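# Fold and contact review
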Amino acid sequence: MSCEDTIAAIATAPGRGGIAIIRVSGSKALDVAKNVCHIIPEARKAYFRKFYDGQSIVDEGVLLYFPGPNSYTGEDTVELQGHGGNVAPQRVLSSVLKIAGVRQAEPGEFTRRAFLNGKMDLTAAEAVEDLISAGSESAAKAALSSLEGEFAAKLNTLTDKLTTFRMRLEGCLDFPEEHEDFFDSGKAADDLHDLIAIADESLTTAKQGVKLNEGARIVLAGSPNAGKSSLLNALAGEERAIVTNIPGTTRDILSINIEIGGIPVTITDTAGIRDTPSDEIEAIGIKRAIEMLKKADLVLLMVDASSPAPEAEHTLKRLKEIFGDNTNLLLIKSKSDLPENKETAKLLNNPDFSQYKQISSSTKNPTGLDNLRAELKKALGEIPAEGVFSARRRHVNAIKETIDALHRSIEMLDLGDLVLCAREIAIAQDHLGTITGKVTSDDILGKIFSTFCIGK
Ligand SMILES: Nc1nc2c(ncn2[C@@H]2O[C@H](COP(=O)(O)OP(=O)(O)OP(=O)(O)O)[C@@H](O)[C@H]2O)c(=O)[nH]1
Ligand SMILES: [Mg+2]
């Protein structure tokens, strides 16, 4: 991939739509305007033009020209806004790609160029994609905060403080007699603890950002007829899954997207787990259920509290086999509108079950899910309304590495090894630098931008 080439792509989503935008960036952008629109445009002026492929007209629309560096990518950029749909934009793009030196853009390549040309830091570049794929309003708001540089600003404050600290430390190494105050007072260690506290705060916020970005996966599990599909429908607010009183109704997995406390959540309904499926289809469904359970962030084990539940013990045992003891599991006692079954109540009091939080639910009365909704919010972790930015796992890992390096720097300080202390602080700075892109490699960039949409 070379930044010398001029790149082009359809920047709007495929399918039926009023307008499609073909975006072009690079030194040949004006050639595109000349060849396709038969005009040399002035900067930032809208022209209504026919779009040509050779002598034939392929579409008509608006042409815009943004000379670099005052464009999204920092390079000369041309936008052709034509008609949407599956054919017209492709025809315009194909005409654009016939011009020498112009090629189809890779996913995220426009934003990659914007980053490389210093138009935005890496957290903002990633936030562009996060905003596009945001699954809830809170996630979109958080992405916008990162895009506007709030995440980078927070990290830059920490980096600046580390730089100041390192300068003092290195000054002390060079001129020990002049900097006695710095260490005699034990102030250096206090300062480092303060810096760790700031990094810890960023870590918490970054983890919340990841949650908003990635969303959470909740999987419903339990014996046939426990009420899983009914719960899915109630949470979705519409009849998505088939509900009958025949055990083994749900065969395939079915996922819906909802929002809980601002977090985008995918809830998956699964076939009730039992060892004696009625046929091959149910057996495959149970296998799929187990695969989904392995990926769950939170499992809701449903037990029908109104009936004998001879299979509940077995289901719990199976779940533990699937993911061990440390699963995030809530036990849902369903059908709480019906009288409780004494045997089942007794069973759920035994330690195997009582170690889990138990929540009563009913889909048959209007307030039957209030408690469950509140507990789901708690289990997923509440996200503050303000001050959250979108973040990724790589950010969380880099902040953790930063904190580890700072802890090591305190150890070195305690040992009186100021050289190693300074080195650990430099390592901490490098880790922070990988987040904003001050320290980066083609590998990291390749990984980040390959998940972007084409045309962004
Ligand atoms: N009274 C009462 N009945 C319920 C409740 N939830 C579900 N049911 C009934 O229980 C039966 C089974 O419900 P489903 O939602 O299909 O159960 P399931 O766990 O999805 O069952 P499978 O798909 O067979 O694994 C249906 O007849 C529902 O109407 C509830 O809260 N109260
Ligand atoms: Mg079902």
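Residues numbered from 1 in each chain as written. Chains lettered and ligands numbered in written order. Predicted model: local features only at pLDDT ≥ 70, side-chain atom pairs only at ≥ 80, totals over all residues. Heavy atoms only, no water.

Glancing now at the pairing of strand β11 (residues 329-334). In terms of residue burial, β11 counts as a mostly covered element, since six of its six residues are buried. Here β11 shows two buried faces, one formed by L329, L331 and K333 and the other by L330, I332 and S334. Looking at chain direction, strand β10 (residues 298-304) and β11 are connected through six bridges and run parallel. Across the sheet, V299 pairs through a bridge with L329, a residue of β11. Where β11 and strand β12 (residues 357-360) come together, four bridges link them in parallel fashion. (Buried < 20%, exposed > 50% of the residue type's maximum accessible area, 1.4 Å probe, protein only. Helix = DSSP H or I, 4+ residues; strand = E, 2+ residues; numbered from the N terminus. Pairing = 2+ DSSP bridges.)

Strands sit in the order β8-β9-β7-β10-β11-β12 across an open sheet of six strands; the sheet is mixed. Where the open sheet ends on each side, the last strands, each with one partner, are β8 (254-260) and β12. Put simply, the sheet's adjacent strands are angled 25° from each other on average, direction ignored. Together, β7 (216-222), β8, β9 (263-269) and β10 form the strand contacts of helix α9 (residues 228-236), whose direction differs from that of β9 by roughly 150°. (Axes fitted to C-alpha atoms, helices over the stretch in contact; angles between N-to-C directions. Contact = heavy atoms within 4.5 Å.)

On to the coordination of the magnesium ion (ligand 2), then. Geometrically, a metal with four donors at the corners of a regular tetrahedron has ideal angles of 109.5 degrees, and one with six donors at the corners of a regular octahedron has ideal angles of 90 or 180 degrees. Taken together, the protein ligands of the magnesium ion (ligand 2) are S229 (OG) and T250 (OG1), with distances of 1.9 to 2.1 Å. Here the residue S229 occupies a position in helix α9, and T250 occupies one in the loop between α9 and β8, the gap between them amounting to 21 residues. Given the relative accessible area of 14%, T250 is considered buried. (Donors = N, O, S within 2.8 Å, 3.2 Å for Na, K, Ca; no water.)

The positions that UniProt labels "binding site: K(+)" (unreviewed entry) are, in the present scheme, N225, T244, I246 and T249. Over a stretch of 25 residues, the named residues converge on one spot in the fold, their C-alpha atoms separated by at most 8.1 Å. Mapped onto the secondary structure, T244 falls in the loop between α9 and β8. By relative accessible area, which is 33% here, T244 ends up partly exposed. Among residues more than four places away in sequence, those in contact with T244 are N225 and T249. Of note is the side chain of T244, whose polar atom sits 3.0 Å from the backbone nitrogen of I246. For I246, the position within the fold is in the loop between α9 and β8. (UniProt positions renumbered as here; feature names shortened; annotations may be inferred. Polar contact = N/O pair within 3.5 Å; in protein donor to acceptor, adjacent residues only side chain to side chain.)

What follows deals with the environment of L158. Residue placement: L158 occurs in helix α6 (residues 150-174). Residue classification places L158 among the buried positions, given a relative accessible area of 1%. Through-space distance from the C-alpha of L158 to that of L195 is 7.1 Å; in sequence the pair is 37 residues apart. Setting aside residues up to four positions removed in sequence, L158 forms contacts with L195, I198, A199 and L432.

Each pair of packed helices can be described by the angle between their axes along with the distance between the axes. Packing of helix α4 (residues 122-132) against helix α16 (residues 418-436) brings their axes to within 6 Å, and their N-to-C directions diverge by 40°. As the angle between them shows, α4 and α16 are arranged oblique. On the side of α4, the interface is formed by L122, T123 and E126, while α16 contributes T434, I435 and T436. A breakdown of the residues in the contact of α4 with α16 according to their chemical character gives two nonpolar, three polar and one charged. (Parallel < 35°, antiparallel > 145°, perpendicular 65-115°, else oblique. Nonpolar A, V, L, I, M, F, W, Y, C, P; charged D, E, K, R; others polar.)

Looking now at the site of ligand 1. Taken together, 22 residues are adjacent to ligand 1, and K228, S230, G248, T250 and T363 come closest. T244 is positioned such that a nitrogen or oxygen atom in its backbone is 3.3 Å from an oxygen atom of ligand 1. In this structure, K335 approaches ligand 1 through a side-chain N or O atom, which is 2.9 Å from an oxygen atom. Computed on the free molecule, ligand 1 has an accessible area of 660 Å², of which 91% lies beneath the protein chains in the complex. Each residue belonging to the shell around ligand 1 can be placed in one class, and the counts come to six nonpolar, twelve polar and four charged. (Near = heavy atom within 4 Å. Areas by Shrake-Rupley, 256 points an atom, 1.4 Å probe, with all protein chains shown as cover.)

The next subject is the pairing of strand β3 (residues 47-53). As paired strands, β3 and strand β4 (residues 56-66) are joined by seven bridges and run antiparallel to one another. Bridge pairing links K50 to E60 in β4.

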